[in-house]
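Remarks on the overall topology
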Amino acid sequence: MKKLYAILIFSLVCATIQNSFATVRIVNNNANSPAQYTNLQTAIDASAVNDTVYIQGSPNPYGNITISKRMVLIGAGYGTNMSSNIGSVSLDTNINATPAQPCSGMRIVGCHIDGLSFASAANGLIHNVVIERDFIGSINIGGNGWVIRNNTINQGTIYLN
């Protein structure tokens, strides 16, 4: 029994240490604005599993993005001229290939998104995604455990797969 407790404690410590090394990246595409990145896709590509990307408000849209790893995107909100305005967001099913619980903890918060979808591939559906406080044109969901709360879906369509 003592071995079981020791293994459990060791596993919890390893999981805590792994999550404690997550990096925060800041993206701002306004001229002369301080940030680590000016291009959102570049910041996403440079990120590792469990990293967070803060998307600063801007009158300039950030364009279309593809996310292929579990991470957190946090925008400045929507409804003003300084929204975090993203074209389309495609969640690549390679997210499921990440270690531990696939996609558990994937979050998109406070963004203006024209369209959100998952890219269907051999890896299957995407599970356990949280989408909250966003403005979304349309959404295509494929998987289980999605939480969609406090969003505005404007003149779009919701597809549940």
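Refer to the preceding data block for the structure.
Report on the accompanying structure.

Pairing is possible between side chains of opposite charge, provided their charged atoms come close. For the coordinates displayed, the defined rule picks out four salt bridges. Two residues, Asp51 and Arg25, come together in a salt bridge whose shortest N-O distance is 2.9 Å. Taken together, the residues Asp51 in the loop between helix H2 (40-46) and strand S2 (52-55) and Arg25 in strand S1 (residues 24-27) connect sequence positions 26 residues apart. The exposure class of Asp51 is buried, given its relative accessible area of 3%. Between Glu132 and Arg149 there is a salt bridge whose closest N-O contact spans 3.0 Å. Taken together, the residues Glu132 in strand S8 (residues 129-132) and Arg149 in strand S10 (residues 147-149) connect sequence positions 17 residues apart. Classification of Arg149 by relative accessible area gives partly exposed; the value is 37%.

On to the environment of Asn81. Along the chain, Asn81 turns up in the loop between strand S4 (72-75) and strand S5 (85-92). Asn81 sits 21 residues away from Asn60 along the chain, and the two C-alpha atoms are 8.8 Å apart. Residues in contact with Asn81, not counting those within four places in the same chain, are Ser58 and Pro59.

To continue, consider the sheet that holds S4. Pairing within the open sheet is parallel, and its six strands lie in the order S1-S2-S4-S6-S8-S10. What marks the edges here is a single partner per strand, and that holds for S1 and S10. In this sheet, adjacent strand axes meet at a mean angle of 10 degrees when their direction is disregarded. Pairing of S2 with S4 involves four bridges; the strand directions are parallel. Counterpart to Thr52 in the pairing with S4 is Val72.

Looking now at the packing of aromatic side chains. Applying the stated criterion to the full structure yields one aromatic pair. Ring geometry for Tyr78 against Phe135: centres 5.5 Å apart, planes inclined by 50 degrees, an arrangement best described as tilted. One end of the pair, Tyr78, is in the loop between S4 and S5; the other, Phe135, is in strand S9 (residues 135-141), with 57 residues separating them in the sequence. Residue Tyr78 is classed as partly exposed on the basis of its relative accessible area, which comes to 31%.

What counts as what
- Residues numbered from 1 in each chain as written.
- Predicted model: local features only at pLDDT ≥ 70, side-chain atom pairs only at ≥ 80, totals over all residues.
- Heavy atoms only, no water.
- Salt bridge = Lys/Arg side-chain N within 4 Å of Asp/Glu carboxyl O.
- Helix = DSSP H or I, 4+ residues; strand = E, 2+ residues; numbered from the N terminus.
- Buried < 20%, exposed > 50% of the residue type's maximum accessible area, 1.4 Å probe, protein only.
- Contact = heavy atoms within 4.5 Å.
- Pairing = 2+ DSSP bridges.
- Axes fitted to C-alpha atoms, helices over the stretch in contact; angles between N-to-C directions.
- Phe/Tyr/Trp six-rings, centres within 6.5 Å; stacked < 30°, edge-to-face > 60°.

Any functional reading would require information that these geometric values do not contain.
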